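# Residue-level structure breakdown
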Amino acid sequence: MLAHERIGSGEPLVLVHGIGHRRQAWYPLVDRLAEERELVLIDLPGHGESPALVPDGRPVRDILRDILEDFFVEQGLDRPHIAGNSLGGRIALEAAADDLVSSATTLAPAGFWRNQVDFAYIRAVFTLLTGAATLAQPVAPAILRTAPGRAAAFGLLMTKGHKLSPEAALGDVRGLVHARPALETIIDGGFPFDRPIDPAIPVTVAWGTRDLVLLPYQAGRARKALPDAEHVTLPGCGHVPMIDDVDLVADVLLKGSAHPRLGQATYDVA
């Protein structure tokens, strides 16, 4: 079973972190979200405290879909709302395409790069991040004790990395190193998102204007690929925007998961 936490009350909202990250990525938003949603925070396979991602010859997309679907059954989640960042956003879109969820809210979802050159850039970014995190292990606690150190260490991923606590920053760096095998497997199996999503399923795509990983031009490609979705700009936010603008990102997630799929009854939000 995937490592997970369930927090809050209301309509279930499954939160899926990005590649190399962990479920604690959502902690900055928990206080805002848990008053109105039951949050289900998960660690993806090979990340955080979840079991390893085991390749079995199938496409990674199929492996992750089956794991997510099994998790929904285990947790008694019938078409929950889902939100994700980066890889988590791609997983959310895939879940919507597979008719597994009631809505999908995505923050810089993977899958909208232009060509193999652009994908090579994305691969290089994560190679740099994982390599630097591995080499920095002996000195990471000292570096991350300072706000400038945290800002520098997370500068490719967020614009306000200094706001992370030293403990959270160190946990993220160690988590990235731990997730390296899964990260490499997932990137090796990467390909663009090109599936239709039933217009009855509300989809939101939000993108930071200062995303240095999945560059903001990809938001325009997502608009063309998903014309029925709600598209939102996150001013001043990086690739992992959950700490860059807590209130804005929380509002995006609450609004994205507030609308039932067409044909379902509406529900009251506390």
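Here, the structure is the one placed above.
Throughout what follows, the structure given in this document is the object of discussion. Since we're looking at a predicted model, the values are computed, not measured.

## Points about the sheet that holds strand 1 (residues 4–8)
- Overall, mixed pairing links the 7 strands, which are arranged 1-3-2-4-5-6-7 in an open sheet. The two strands at the open ends of the sheet, each matched to only one other strand, are strand 1 and strand 7 (230–234). Within the sheet, the average angular offset between the axes of one strand and its neighbour, ignoring direction, is 15°.
- Two strands pair when backbone bridges link them, and strand 2 (residues 11–16) and strand 3 (residues 37–42) are joined in this way by 6 bridges, in the parallel orientation. Each bridged residue has a counterpart across the sheet, and for Val14 the counterpart in strand 3 is Val40.
- Across the sheet, helix 3 (residues 87–97) touches strand 2, strand 4 (81–85), strand 5 (103–107) and strand 6 (203–208), and the angle it forms with strand 4 is around 150°.
- Docked against the sheet, helix 10 (residues 246–256) engages strand 2, strand 3, strand 4, strand 5, strand 6 and strand 7, running at close to 160° with respect to strand 5.

## Some remarks on the pattern of salt bridges
- Here the structure, examined in full by the defined rule, presents 20 salt bridges.
- Two residues, Arg61 and Asp62, come together in a salt bridge whose shortest N-O distance is 4.0 Å.
- Under the relative-accessibility criterion, Arg61 is labelled partly exposed at 30%.
- Residue Asp62 is classed as buried on the basis of its relative accessible area of 17%.
- Three or more residues joined by partner-sharing salt bridges are found here, namely Asp56, Arg58, Arg61, Asp62, Arg65, Asp66, Arg90, Glu94, Asp98 and Arg195.

## Looking at the environment of Asp78
- Secondary-structure assignment places Asp78 in the loop between helix 2 (60–75) and strand 4.
- We classify Asp78 as exposed; its relative accessible area is 66%.
- Residues Asp78 and Gly131, 53 residues apart in the sequence, show an inter-C-alpha distance of 40 Å.

## A short note on the nonpolar core
- Leu15, Ile42, Ile82 and Leu253 are the most contacted members of the largest nonpolar core, which totals 84 residues.
- Once residues lying within four places of it in the same chain are set aside, the contact partners of Ile82 are Leu13, Val14, Val16, Leu68, Ala92, Ala95, Val101, Ser103, Ala104 and Thr105.

## Considering the packing of helix 7 (residues 166–178) against helix 8 (residues 180–188)
- Close contact between helix 7 and helix 8 brings their axes to 5 Å; oriented N to C, the two are set at 60°. Judged by the angle between their axes, helix 7 and helix 8 are oblique. Residues Leu176, Val177 and His178 of helix 7 lie in contact with helix 8, whose contacting residues are Arg180, Pro181 and Leu183.
- Tallied by class, residues from the contact of helix 7 with helix 8 come to 4 nonpolar, 1 polar and 1 charged.

The rules behind the values
Residues numbered from 1 in each chain as written. Predicted model: local features only at pLDDT ≥ 70, side-chain atom pairs only at ≥ 80, totals over all residues. Heavy atoms only, no water. Pairing = 2+ DSSP bridges. Helix = DSSP H or I, 4+ residues; strand = E, 2+ residues; numbered from the N terminus. Axes fitted to C-alpha atoms, helices over the stretch in contact; angles between N-to-C directions. Contact = heavy atoms within 4.5 Å. Salt bridge = Lys/Arg side-chain N within 4 Å of Asp/Glu carboxyl O. Buried < 20%, exposed > 50% of the residue type's maximum accessible area, 1.4 Å probe, protein only. Core = buried A, V, L, I, M, F, W, Y, C linked by side-chain atoms within 4.5 Å. Parallel < 35°, antiparallel > 145°, perpendicular 65-115°, else oblique. Nonpolar A, V, L, I, M, F, W, Y, C, P; charged D, E, K, R; others polar.

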